[in-house]
Amino acid sequence: MTARAAGPARPPVAVVGGGLAGIAAALALGEAGVPVTLYEARPRLGGATCSFDRGGLVADNGQHVFLRCCTAYLGLLRRLGTADRVLLQDRFDVRVLTPEGRRGRLRRARLPGPLHLLPTLAAYSLMSPADRAGAMWAALAMRRLDPGDPALDGIRLGDWLAAHGQRAAARDALWDLFAVAALNIGADEASLGPAAMVFTTALFGRADAADIGVPAAPLGELHGSAALAAIEKAGGRVALSAKVQAVGPGPSVIVDGTRVAASAVVVATPHQQAARLVPVEAAPDRDRWRGLGASPIVNVHVVFDRPVMCSPFAAVAGSPVQWIFDRSAPGGLTRGQYLAVSVSAAGRWIDVPTAEVRDVFLPELARLLPAARGAQVRDFFVTRERRATFRQGPGSGALRPGPATRWPWLHLAGAWTDTGWPDTMEGAVRSGLEAARLTRRHLDTLPHALSGSFTAGDARGAEGAEGTEVAS
């Protein structure tokens, strides 16, 4: 879609922040014919999704997965030209491991939702027959919840599960597998609102909604370099290593000490940074955003001298290990196997020295994967995302702002804004598309407005950290 300028040229829209939200906003504006400049303080795009080289091994800072219901994110990949560089299941299928050697499998049946998961729950070997029956009834009760009901924001997921007969064994073998990974917070501390959104939309909604997708390329290529090329191709400009220190008035932004005029501004940074950038005149409630807090994620990276796991990924119950991913091919490993262990709600591990993490996680992997017991470890390192997501506990939904501010030319974007989704890549992309739509609408009200229109079609057609620590 294109737009034609009439009258004097306006300065570009300034998009602040080069994560998925900023990328989505800048690309949508550029495709609509709106001049745009994307400012990113780091020397790369991608935000919380990035890659780095470690002695020839390409490692991601964390394991970012998506589901088939993440249609805005999939739409962004298509626009970036990288949709062929992800692997998406044709049928939801998760193997579940335990340290005791018991194995389970959750695989959807070829039935319409929500019936598609009932057969696998009925046969799930890691739960007792009574817990299986109870899980099915709880799943049906969860499906009846309205994730948009504000009352759910104040209820703990753990309390709701207990009230619906879900014992600790059932939670560990089923509910926590997905809730902790999706929300980055323990079930006893998680808000029922975003949890209900995850379960009703993904697991208990459309039959294929929860089919899992994983990157088949390094995240730096999938998002960062591809976004740089796509934005510039659409006529936009990307300014890397360019730190925005303040917004407005004007509209304008101060970049590395210099005020730069803009026709509008989209702030697409993590919430702590946004609260510092956005003037109180534009957002009197900005100090509330800090109440969203942060939840950490730790990733444990292990390179073995031989293959030790045959599936592309596996979930784990009853262990510090939560999810294991085979990243050998994306990492460029040709001999042995590179596994990445993703640990959400990782407050227990965020400050633990790497040597101690190794002492715990290597024996755990040996218990979970028999082939690892005789394998040699060629490399071991840990990446830590201290502010991987905001803390999605009770009351957090009420703290999430919408995209609009009191200044009509200033909009907010980011997975922490009120997108209707948890803090995920999908939420980030949707927020960027909405900020771009509102920016276009504002520009259309001005003299010499750009003609044409923008619609967030990818959203209808249908996780950010400020820094990564790597330790060996």
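Definitions and limits used
- Residues numbered from 1 in each chain as written.
- Predicted model: local features only at pLDDT ≥ 70, side-chain atom pairs only at ≥ 80, totals over all residues.
- Heavy atoms only, no water.
- Buried < 20%, exposed > 50% of the residue type's maximum accessible area, 1.4 Å probe, protein only.
- Helix = DSSP H or I, 4+ residues; strand = E, 2+ residues; numbered from the N terminus.
- Pairing = 2+ DSSP bridges.
- Phe/Tyr/Trp six-rings, centres within 6.5 Å; stacked < 30°, edge-to-face > 60°.
- UniProt positions renumbered as here; feature names shortened; annotations may be inferred.
- Expected span 1.5 Å × (residues − 1).
- Contact = heavy atoms within 4.5 Å.
- Polar contact = N/O pair within 3.5 Å; in protein donor to acceptor, adjacent residues only side chain to side chain.
- Axes fitted to C-alpha atoms, helices over the stretch in contact; angles between N-to-C directions.
- Parallel < 35°, antiparallel > 145°, perpendicular 65-115°, else oblique.
- Left-handed = near helix turned anticlockwise from the far one by under 90°.
- Nonpolar A, V, L, I, M, F, W, Y, C, P; charged D, E, K, R; others polar.
- Disulfide = S-S within 2.5 Å.

Caption draft 1: How the structure looks around the pairing of strand β7 (residues 93-97). Counting buried residues in β7 gives four out of five residues, a clear majority hidden from the surface. For β7 and strand β8 (residues 103-107), the ladder comprises five bridges, and the chain directions are antiparallel. When the bridges of β8 are listed, Val 96 appears paired with Gly 104. With antiparallel pairing between neighbouring strands as the criterion, β7 and β8 make up a hairpin whose turn holds five residues, including Gly 101 at a positive phi of roughly 95 degrees. Relative to strand β16 (residues 313-316), β7 runs parallel, the two sharing two bridges. Bridging across to β16, Val 96 finds its partner in Ala 315.

Caption draft 2: Structural context of the packing of aromatic side chains. Across all of its chains, the model carries 13 aromatic pairs by this definition. The interplanar angle of 70 degrees and the centroid separation of 6.2 Å between the aromatic rings of Trp 175 and Phe 204 together place this pair among those described as edge-to-face. Of this pair, Trp 175 sits in helix α6 (residues 168-183) while Phe 204 sits in the loop between α7 (192-203) and β9 (212-215), and the two are 29 residues apart along the sequence. Note on Trp 323 and Phe 325: the rings are 6.4 Å apart at their centroids and 20 degrees apart in plane angle, and the pair reads as stacked. Judged by relative accessible area, which is 7%, Phe 325 ranks as buried.

Caption draft 3: Up close: the UniProt feature "domain: Amine oxidase" (unreviewed entry) in the chain. Residues given the UniProt feature "domain: Amine oxidase" (unreviewed entry) here are residues 20-437. The span residues 20-437 is 33% helical and 22% strand by assignment, and the distance between its end C-alpha atoms comes to 16 Å.

Caption draft 4: Broad picture of helix α8 (residues 219-233). With 15 residues, α8 should cover 21 Å at 1.5 Å per step; its first-to-last C-alpha distance of 20 Å lies within 8% of that length. Buried within α8 we find Leu 219, Leu 222, His 223, Gly 224, Ala 226, Ala 227, Ala 230 and Ile 231. Trailing α8 by a residue or two, Gly 235 shows a phi angle of about 100 degrees, which is positive.

Caption draft 5: Up close: the UniProt feature "binding site: FAD" (unreviewed entry) in the chain. UniProt records the feature "binding site: FAD" (unreviewed entry) for Glu 40, Ala 41 and Val 244 in the present numbering. Despite a sequence span of 205 residues, these residues sit close together in the fold, their greatest C-alpha distance being 7.9 Å. Its location among the elements puts Glu 40 in the loop between β2 (36-39) and β3 (51-54). Apart from the residues within four sequence positions on either side, Glu 40 is in contact with Gly 17, Gly 18, Gly 19, Leu 45, Ala 239, Leu 240, Ser 241 and Ala 242. A distance of 2.6 Å separates the side chain of Glu 40 from the backbone nitrogen of Gly 18, its partner in a polar contact.

Caption draft 6: Structural detail: the packing of helix α1 (residues 20-31) against α8. Viewed as axis vectors pointing N to C, α1 and α8 meet at an angle of 20 degrees, and their least axial separation amounts to 10 Å. One element, α1, and the other, α8, form an angle in the roughly parallel class. Relative to α8, α1 is oriented so that their crossing is left-handed. Residues Leu 20, Ile 23, Ala 26 and Leu 27 of α1 form the contact with α8, whose participating residues are His 223, Ala 227, Ala 230 and Ile 231. Of the residues contributing to the contact of α1 with α8, the split by class is seven nonpolar, one polar and no charged.

Caption draft 7: Structural view of the sheet that holds strand β12 (residues 252-255). An order of β11-β12-β13 is seen for the three strands of this open sheet, with the pairing classed as antiparallel. This sheet does not close on itself; its edge strands, each paired only once, are β11 (244-247) and β13 (258-261). The sheet shows a mean angle of 30 degrees between the axes of neighbouring strands, taken without regard to direction.

Caption draft 8: Focus on the sheet that holds strand β14 (residues 265-267). One open sheet accounts for five strands, arranged β10-β2-β1-β14-β20; its pairing is parallel. Single-partner strands in this sheet number two, and they are β10 (237-239) and β20 (410-412). Direction aside, neighbouring strands of the sheet carry axes that sit 20 degrees apart on average. Pairing geometry for β14 and β20, over three bridges, is parallel. Pairing of Val 267 across the sheet is with Leu 412, part of β20. Strand contacts of α1: β1 (13-16), β2 and β14, with the helix running at about 165 degrees to β2, the strand carrying the most contacts.

Caption draft 9: Expanded view of the state of the cysteines. All told, the structure shown has zero disulfides when counted by the stated rule. The cysteine Cys 69 is free of any disulfide, with Cys 70 supplying the nearest cysteine sulfur at 4.6 Å. Cys 69 gets classed as buried once you look at its relative accessible area, which sits at 9%.

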